[in-house]
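Chain by chain, the residues run as shown.
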Amino acid sequence: LAKTTQPISMDSYEGQEVNITCSHNNIATNDYITWYQQFPSQGPRFIIQGYKTKVTNEVASLFIPADRKSSTLSLPRVSLSDTAVYYCLVGVDTGRRALTFGSGTRLQVQP
Amino acid sequence: EPEVTQTPSHQVTQMGQEVILRCVPISNHLYFYWYRQILGQKVEFLVSFYNNEISEKSEIFDDQFSVERPDGSNFTLKIRSTKLEDSAMYFCASSQEDEQYFGPGTRLTVT
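Since the model is a prediction, treat every value here as computed from it, not as a measurement.

*Asks:* Provide a residue-level description of the overall build of chain B, including the pertinent values.
*Replies:* Counting its secondary structure elements, chain B contains 0 helices and 11 strands. Going residue by residue from the N terminus, the α and β elements of chain B occur as β-β-β-β-β-β-β-β-β-β-β. For 111 residues, the compact-globule formula gives about 13 Å, and the C-alpha radius of gyration of chain B, at 13 Å, lands near that figure. For the C-alpha atoms alone, the extent of chain B along its principal axes is close to 35 × 25 × 25 Å.

Structure representation (structure tokens):
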């Protein structure tokens, strides 16, 4: 899996949009970008996956520029329950192979 | 929504004892995994299992670890002779395609 770099922590307030950027300069042609969320004392949970441009689901949006060397996870109107660690992973067949988690971004949402 | 379940939620054992951690993956999934997370550290991959055999394993997964799918529903991780450094949250995961579904974890405490 390609190496990723993301901020260690971020703070936000309820109702704000949060954008977490991940750098992956060595992304390979066949790699996908996947984001997971982990609440304290729980297992990681898949949020979204994309290859290029923009992907949106009921939870988040993922923006991927044309060069694919970075990506941005966008969480609209966060609430206190979005306080968690967010992991960016890059690789191929991530639904069928070992996942390599980095340190992630610890998002703290304040009231 | 189907989910991965794990038992027990918390296991306390003495150093040198054998433990078996149990998981029930989502029923139609074909790929199974074990990860662990030492308190305050990253989620680490241990092993993946497909078609009744190990497909990948990490350096952590040495001879003291073994996995088994004894029947059509359970997936187990055995640690033969536990060490203090095996204390961690152990997460089971299963997948079919793009995302891995994680269980709630078993907190293993070795004293």
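*Asks:* Pulling in residues and values, what's your account of the environment of G91 of chain A?
*Replies:* Relative to the elements of secondary structure, G91 of chain A occurs in strand β8 (residues 84-91). Residues G91 of chain A and A28 of chain A, spaced 63 residues apart in sequence, show a C-alpha to C-alpha distance of 7.8 Å.

*Asks:* Quick rundown of the sheet that holds strand β1 (residues 5-7) of chain B? Include the residues and the values.
*Replies:* Residue and element names in this part refer to chain B. Sheet architecture is open: 4 strands sit in the order β1-β3-β8-β7, paired in antiparallel fashion. Each end of this open sheet is capped by a strand with a single partner; those strands are β1 and β7 (65-68). Pairs of neighbouring strands in the sheet enclose a mean axial angle of 20°, with direction left out of account. In this sheet, strand β8 (residues 75-79) lies alongside strand β3 (residues 19-24) in antiparallel orientation, the contact comprising 5 bridges. Bridge pairing in β8 places I20 opposite K78.

*Asks:* Quick one: what's the story with the pattern of salt bridges, residue by residue and with numbers?
*Replies:* All names here are of chain B. Across all of its chains, the model carries 2 salt bridges over all chains by this definition. Put simply, R36 and D86 hold a salt bridge, and the shortest N to O gap is 4.0 Å. Of this pair, R36 sits in strand β4 (residues 31-37) while D86 is found in the loop between β8 and β9 (88-95), placing the two residues 50 residues apart along the sequence. Overall, R36 belongs to the buried group, its relative accessible area being 10%.

*Asks:* Could you give me a rundown of the interface of chain A and chain B, with the residues and numbers involved?
*Replies:* A common measure of how large an interface is: the accessible area buried when the components associate. The partner chain B presents 20 residues to the 18 residues of chain A that form the contact. Both faces considered, chain A and chain B share a buried interface measuring about 1,600 Å² in area, 49% of it formed by carbon and sulfur atoms. Interface area lost by chain A to chain B is led by G95, R96 and F101 of chain A, which between them contribute 31%. Counting the contacts that link chain A with chain B gives 0 salt bridges. The tally of links from chain A across to chain B stands at 8 residue pairs in polar contact (both at pLDDT 80 or more).

*Asks:* Give me the side chain of Q6 of chain A: which residues, what numbers.
*Replies:* All names here are of chain A. Within the element layout of this structure, Q6 appears in the segment before β1 (9-13). Residue class for Q6 comes out buried when judged on its relative accessible area of 16%. Here C88 takes part through its backbone nitrogen, which lies 2.9 Å from a polar atom of the side chain of Q6. Within the structure, the side chain of Q6 is placed 2.9 Å from the side chain of T105, a separation counted as a polar contact.

*Asks:* Run through the sheet that holds strand β3 (residues 32-38) of chain A, naming residues and quoting values.
*Replies:* Residue and element names in this part refer to chain A. Pairing is mixed across the open sheet formed by 5 strands, whose spatial order is β1-β9-β8-β3-β4. Strand pairing shows two members of the sheet lacking a second neighbour, β1 and β4 (45-50), which therefore form its edges. The sheet shows a mean angle of 25° between the axes of neighbouring strands, direction not considered. Of the strand pairs in this sheet, β1 and strand β9 (residues 105-110) are connected by 5 bridges, and their pairing is parallel. Considered in β9, the bridge of M10 is made with L107.

*Asks:* An account of the packing of aromatic side chains is requested, with residue identities and associated values reported.
*Replies:* Taken as a whole, this structure holds 15 aromatic pairs over all chains when the rule is applied. Here a set of aromatic residues connected by ring pairs shows up, and it is made of Y36, F46, Y87 and F101 of chain A together with Y33, Y35, F45 and F102 of chain B. The ring of Y51 of chain A is capped by R68 of chain A, whose NZ or CZ atom sits 3.9 Å from the centre of that ring.

Reading guide: rules and limits
Residues numbered from 1 in each chain as written. Chains lettered and ligands numbered in written order. Predicted model: local features only at pLDDT ≥ 70, side-chain atom pairs only at ≥ 80, totals over all residues. Heavy atoms only, no water. Helix = DSSP H or I, 4+ residues; strand = E, 2+ residues; numbered from the N terminus. Rg over C-alpha atoms; globule rule 2.2 N^0.38 Å. Pairing = 2+ DSSP bridges. Axes fitted to C-alpha atoms, helices over the stretch in contact; angles between N-to-C directions. Salt bridge = Lys/Arg side-chain N within 4 Å of Asp/Glu carboxyl O. Buried < 20%, exposed > 50% of the residue type's maximum accessible area, 1.4 Å probe, protein only. Contact = heavy atoms within 4.5 Å. Buried area = accessible area lost by both parts, 1.4 Å probe. Polar contact = N/O pair within 3.5 Å; in protein donor to acceptor, adjacent residues only side chain to side chain. Phe/Tyr/Trp six-rings, centres within 6.5 Å; stacked < 30°, edge-to-face > 60°. Lys NZ or Arg CZ within 6 Å of the ring centre and 35° of its normal.

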